[in-house]
Amino acid sequence: MAATQSRHIAIDPFQERYQNLGKENIRALGLELHEDYSHQVLPELARNMESFEFIFIDGDHKFDGIFVDFYYGDLLLKQGGYLLLHDTWMRSTQLVLAFIRKNRPDYVRQRIPCRNFALFQKVSEDQRDGMHYREFLSLKGTVSHKLITWLSTGKSSALKKIVFSIKEKLK
Ligand SMILES: C[S@@+](CC[C@H](N)C(=O)[O-])C[C@H]1O[C@@H](n2cnc3c(N)ncnc32)[C@H](O)[C@@H]1O
């Protein structure tokens with residue numbers, strides 16, 4: 001970003017938790033940092049009619065935090081632009097991905113060789129009407145999440161070992 005001199009905005013209210021390392025790197029590169037919550041900064045950027053070619057969501061990892069970042073990220077993303085989400089192993093991220101897949105035909109997921117990321121291109125306008133909703137929770141996703149939670153928490157048991165080995169074989 002520094003090499004192309006393109007505008008780059010980072011948002012992070014907790015830099016002191018990371019010895020301000022990101023802050024120092026951003027300053028050294030002459031890029032912009034907002035030391036505030038994304039739910040405060042993104043609406044302000046949208047109000048100012050800012051737009052971007054690339055949005056990276058990797059902040060608050062709770063479902064509602066990611067969803068709000070996606071909502072405003074979408075308002076800020078140009079048509080043809082790309083949106084990248086990190087930590088697709090998390091159920092919260094997976095639910096946002098399922099929402100996009102079922103409800104946002106204007107976003108097309110791109111194949112990428114990186115694990116734990118999901119990249120989308122915004123290919124058209126959002127043409128949904130105000131009543132639009134498509135169910136995005138699936139039985140498979142819910143059962144799989146419950147199974148993984150059960151396997152990875154609490155006491156180990158013979159049953160858990162058997163279920164785990166079956167799951168590994170089915171991979
Ligand atoms: C997993 S780290 C990722 C940082 C960076 N994307 C990277 O890959 O190095 C998550 C970051 O999001 C920040 N964060 C947490 N909640 C946030 C929020 N509500 N708004 C903006 N940033 C937030 C944290 O301070 C942390 O730096």
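Structure's up top.
The sections below set out a description of the structure shown in this document. Numbers given to residues run from 1 along each chain, matching the order in which its sequence is written. For this predicted model, a pLDDT threshold of at least 70 governs which residues receive local features, and a threshold of 80 or more governs which side-chain atom pairs are given and counted, while totals over whole chains, interfaces and linings are taken from all residues. The side-chain quantities take in all heavy atoms of the structure and omit both hydrogens and water.

1. Looking at the packing of aromatic side chains
Here is the rule: rings of Phe, Tyr and Trp (six-membered ring for Trp) pair when centre to centre is within 6.5 Å. Planes less than 30 degrees apart are stacked, more than 60 are edge-to-face, and the remainder are tilted. Taken as a whole and assessed by the stated rule, the structure comprises ten aromatic pairs. On the basis of an interplanar angle of 75 degrees and a centroid distance of 6.4 Å, the ring pair of phenylalanine 70 and phenylalanine 99 is categorised as edge-to-face. Residue phenylalanine 70 is found in helix α3 (residues 63-76), and its partner phenylalanine 99 is found in helix α4 (residues 91-103); the two are separated by 29 residues along the sequence. Summary of the burial criterion: residues with accessible area below 20% of their type's maximum are buried, those above 50% are exposed, and those between are partly exposed, where the area comes from a 1.4 Å probe applied to protein chains only. By relative accessible area, phenylalanine 70 is classed as buried at 1%. Relative to phenylalanine 136, the ring of tyrosine 133 lies with its centre 6.3 Å away and its plane at 70 degrees, an arrangement referred to as edge-to-face. Overall, tyrosine 133 belongs to the partly exposed group, its relative accessible area being 45%. Grouping aromatic residues by their ring pairs yields a cluster made of Phe63, Phe67, Phe70, Phe99, Tyr107, Phe120, Tyr133 and Phe136. Taking NZ or CZ as reference, arginine 17 lies 3.8 Å from the ring centre of phenylalanine 14, over its face. Geometrically, a lysine NZ or arginine CZ counts as sitting over a ring once it is within 6 Å of the ring centre and also within 35 degrees of the ring normal. For lysine 160, the ring lying beneath its charged end belongs to tryptophan 150, and the centroid distance is 5.5 Å. Only DSSP runs of H or I covering at least 4 residues are called helices, and only runs of E covering at least 2 are called strands; the numbering of each starts at the N terminus.

2. Observations regarding the sheet that holds strand β5 (residues 107-110)
Backbone hydrogen bonds are what pair the strands of a sheet, in a parallel or an antiparallel way. DSSP bridges decide pairing: two strands pair if at least two such bridges lie between them. The four strands lie next to each other as β3-β4-β6-β5, forming an open sheet whose pairing is mixed. In the strand order of this sheet, the two ends are held by β3 (52-57) and β5, each with one partner. Each neighbouring strand pair of the sheet contributes to a mean axis angle of 25 degrees, computed without reference to strand direction. Sheet topology places strand β4 (residues 77-86) next to strand β6 (residues 117-122); five bridges connect them, and they run antiparallel. Each residue of the ladder has a partner; that of tyrosine 82, found in β6, is glutamine 121. Docked against the sheet, α3 engages β3, β4, β5 and β6, running at close to 160 degrees with respect to β4. Each axis is a line fitted through C-alpha atoms, and for a helix only the stretch in contact is used; angles between axes span 0 to 180 degrees, taken between their N-to-C directions. We call two residues in contact whenever any of their non-hydrogen atoms come within 4.5 Å of each other.

Any link to function would need more than the numbers given here.
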